[in-house]
Amino acid sequence: MEVELTNLSKKFGDVVGVEALDLDIRDGEFVAFLGPSGCGKTTTLLMLAGIYRPTTGTIRFGDRIVNQLQPRDRNIGMVFQSYALYPHMTVFGNIAYPLKLKKVPRQEQQRRVEAAAETMGIAHLLDRRPGQLSGGQQQRVALGRALVKEPDILLFDEPLSNLDARLRLTMRGEIRSLQKRLGITAIYVTHDQVEALTMADRIAVMNLGRLQAFATPDDLYERPPTKFIAGFVGNPPMNFLEIEFAQENGAMQLRSESLELGLPPEFAAAAAAADGAVTFGIRPEDISLDDYGPVSGEVFVVEPLGRDDLLDIIVGTEHFLLLADPKRKSRAGDRVRLSFDMTRAHFFDPRSELALSWK
Amino acid sequence: MTAYGFMAPAGLLVLLFFFLPVLIVLYLSLTNLASANFTSNLAEMEFIGLRNFQTLLNDQFAKKIFFNTIFYVLSTLALFNVTAALIVSLLTAHINRRAGFIFRALWILPRITTSTVYILIWRRMMAEAPFGIINQVNTALGWPTWNYGSENPWVFVILVNGFIGISFGMIIFTSAIESIPKDLMNASLVDGSSYLQRIRHVTLPLLRWPLLFVVTYQSLSLLTSFEQILLLTDGGPGLYRTEVWALTAFHRALSNYFGNTQWGYGSAFAVVLVIIGVVLAVVYMRVFRFDELVAEPRIEVL
């Protein structure tokens, strides 16, 4: 089912939860709402669920405007961070609850609950109570309950945040493949960019109640439209630096107090026209340790991540994060030389923080 | 040792104001102490064994008073302290927060109003025709007036106590409802329940423990309450129409006719009440597994 949000706002008294949100979600699409706490992503989800009523704007499911519909008339399934299982009901009772409310005949309830439990791999737990289950099992029950009534739309409110890291990884894949197989439109709220990047077809990045971008994970990573997104998407985060441009011997150069770098020809024309300071951004993986690199610096901190070492390197007065091969056995205090892959540089207007699309 | 030290102040209070009085009452109930034979020489007080209890068993009004008490406790508990309290908390939980708060605050007024003032208001309300606020309203509406006090004393005894009793359950239930996780309440709506279905399938089952607590606690406190009845009807009208056990104990021991107070006999009534209370308390603890009631909360968040 397609979901269309038009000029959607929610105010709590004077506090703005969500402001003027426009979003088109395609049928069968997996969309992640990504943003820090308080950015309005859960508020939006609760408006979709029918728990909150929008202050302005419309919500459309397919060709129906659902603003005035009660949650139970929206045919949605929802999975919560706290699982929200009914503690006084068994697993069977929990999954059967939506069917019972729909007055589905008892035998069909039985059949559909067992099918859902089978899909989620919890068929052997049907007569337990939520309190007797592990977090992962509880989350599977919650998923089963959301799926059993064959909803048009699945809503997820940070469903994996309470699971341990390993389980989170498995559940990520499971939710994703289940959603693809069933072809249900899914909206997934998370503050974890890895979840958003790995699971979603498209990501709606929100900050301070406003939509910052709505794009595929690749687009967001490769061409972040704002400095906020550039810094928020990607781990470790992008390095930022205030710079100016200068011309030397006919070639454009990028300069800061502690750094001078040549600029590849594709940026040259735009850089020549730039007026004053610009924010330069470069991802850690686009800086490398290179004994013949043009920039010299000193290792400040080494954080071993296993596969890589995360290095914090001081160049003049600037800090850069980059990833290095642990075999180099970098140590704090080492003198190193760096090379920058300037074809992958990003530039932002320091005032509006919008990306300068120069390529 | 430190543990006992910390418990000592509370323990001392319980000893002084609960155990000691119980022991004194127990002792008094075995004597014939009364204003009729009271001298300044306490040594003349006669120890008469269980004779007071014998008299009590043969008292022609004891049976009536006993069933009065059961009727009073059960009706007040069922209608007000539990049911009305539950309805008030469910209603106020489903309306605007501020309005709900104001509404609940109003319901606390009967409890915090001085009992004499509170009862005076009720006595003005229910006064005999042609007086009384209710009768004024009746007259204004063209309805017949009525002698509420003498015709329906129980209605008013139960109303008066019920209005006070509501606030206790209301506070307990409201806090229990508020502590149900928001996600759980939202999940129920998303799963397809109406607000009424949510109350039936989710809210009420989660209120099981608070419900049991209010039933046990309030039945015990109603058993021993009498001041409102004393002020409202003084057990009347007529002979023991609304007299309850605790009130009889008071009447016999401290407020008998012509100042003829029978401290020993009154104490016997009190002792019966203590025994019933203790037995009920033990039964409640067993049946409702009180240790679980006061253990960890039943509403699991995660």
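What counts, and at which threshold
Residues numbered from 1 in each chain as written. Chains lettered and ligands numbered in written order. Predicted model: local features only at pLDDT ≥ 70, side-chain atom pairs only at ≥ 80, totals over all residues. Heavy atoms only, no water. Axes fitted to C-alpha atoms, helices over the stretch in contact; angles between N-to-C directions. Helix = DSSP H or I, 4+ residues; strand = E, 2+ residues; numbered from the N terminus. Parallel < 35°, antiparallel > 145°, perpendicular 65-115°, else oblique. Left-handed = near helix turned anticlockwise from the far one by under 90°. Nonpolar A, V, L, I, M, F, W, Y, C, P; charged D, E, K, R; others polar. Pairing = 2+ DSSP bridges. Contact = heavy atoms within 4.5 Å. Phe/Tyr/Trp six-rings, centres within 6.5 Å; stacked < 30°, edge-to-face > 60°. Buried < 20%, exposed > 50% of the residue type's maximum accessible area, 1.4 Å probe, protein only. Lys NZ or Arg CZ within 6 Å of the ring centre and 35° of its normal. Buried area = accessible area lost by both parts, 1.4 Å probe. Salt bridge = Lys/Arg side-chain N within 4 Å of Asp/Glu carboxyl O. Polar contact = N/O pair within 3.5 Å; in protein donor to acceptor, adjacent residues only side chain to side chain. Core = buried A, V, L, I, M, F, W, Y, C linked by side-chain atoms within 4.5 Å.

Colleague: Is there a simple way to explain the packing of helix H3 (residues 62-93) of chain B against helix H8 (residues 153-178) of chain B in this structure?
Modeller: Between two packed helices, both the angle of their axes relative to each other and the distance between the axes serve to describe the pair. All names here are of chain B. At their nearest, the axes of H3 and H8 sit 6 Å apart, and the two run at 45° to each other. The orientation of H3 with respect to H8, classified from their angle, is oblique. Considering the relative orientation of H3 and H8, their crossing is right-handed. Within the contact of H3 with H8, the residues separate by chemical class into 19 nonpolar, 10 polar and no charged.

Colleague: What should I look at first to understand the sheet that holds strand E4 (residues 56-61) of chain A in this one?
Modeller: Strand pairing in a sheet relies on backbone hydrogen bonds, with the paired strands running either antiparallel or parallel. All names here are of chain A. Strand order in the open sheet formed by four strands is E2-E1-E4-E5, and the pairing between neighbours is antiparallel. Both edges of this open sheet fall to strand E2 (15-25) and strand E5 (64-65), since each of them pairs with a single strand only. Relative to E5, E4 runs antiparallel, the two sharing two bridges. What sits directly across from phenylalanine 61, in E5, is arginine 64. Where helix H1 (residues 41-49) meets the sheet, it contacts strand E1 (3-12), E2 and E4, and its direction lies at approximately 115° from that of E1.

Colleague: Where do I start with the packing of aromatic side chains in this structure?
Modeller: Aromatic ring pairs are described here by two measures, namely the spacing of the ring centres and the angle between the planes. Taken as a whole and judged by the stated rule, the model has 26 aromatic pairs over all chains. Ring centres 5.9 Å apart and planes at 70° place the aromatic pair phenylalanine 240 of chain A and phenylalanine 348 of chain A in the edge-to-face group. In this pair, phenylalanine 240 of chain A sits in strand E11 (residues 239-248) while phenylalanine 348 of chain A sits in strand E20 (residues 346-348), placing the two residues 108 residues apart along the sequence. By relative accessible area, which is 0% here, phenylalanine 348 of chain A ends up buried. Note on phenylalanine 71 of chain B and tryptophan 154 of chain B: the rings are 5.2 Å apart at their centroids and 75° apart in plane angle, and the pair reads as edge-to-face. Here phenylalanine 71 of chain B is found in helix H3, whereas its partner tryptophan 154 of chain B is found in helix H8, with 83 residues between them in sequence. Ring pairs connect the aromatic residues Phe80, Trp107, Tyr118, Trp122, Phe156 and Phe163 of chain B, which therefore count as one cluster. Taking NZ or CZ as reference, arginine 145 of chain A lies 4.8 Å from the ring centre of tyrosine 86 of chain A, over its face. Geometry around tyrosine 221 of chain A places arginine 283 of chain A over its ring, the cationic atom sitting 3.8 Å from the centre.

Colleague: In this structure, what is going on with the interface of chain B and chain A? I would like to understand it.
Modeller: Where the parts come together, the accessible area they lose is often given as the size of the interface. Listed per partner, the contact involves 20 residues of chain B and 27 residues of chain A. Here chain B meets chain A over a buried area of about 2000 Å², counting both sides, of which 62% is carbon and sulfur. The interface formed by chain B and chain A holds one salt bridge in total. Across the salt bridge formed by arginine 145 of chain A and aspartate 191 of chain B, the nearest N and O atoms sit 3.3 Å from each other. For the pair chain B and chain A, the interface holds seven residue pairs in polar contact (both at pLDDT 80 or more). Only helix H9 (182-190) and helix H10 (195-206) of chain B provide two or more residues apiece to the side of chain B that touches chain A.

Colleague: I would appreciate a short explanation of the nonpolar core in the present structure.
Modeller: General note: in soluble globular proteins, nonpolar side chains tend to be found buried as a group. Formed by 51 residues in total, the largest nonpolar core has its most connected members in Leu56, Tyr72, Ile166, Leu232 and Trp245 of chain B. When residues of this core are traced back to their parent elements, those giving at least two are helix H2 (51-58), H3, helix H5 (115-126), H8, helix H11 (208-223), helix H12 (227-232), helix H13 (245-254) and helix H14 (263-287) of chain B. Those residues within four positions of tryptophan 245 of chain B in sequence are excluded, and the remaining contacts are Leu56, Ala62, Ile65, Phe66, Thr69, Phe269, Val272 and Leu273 of chain B. Listed in part, the 46 residues of the second largest apolar core include Val113, Val148, Leu154 and Leu220 of chain A.

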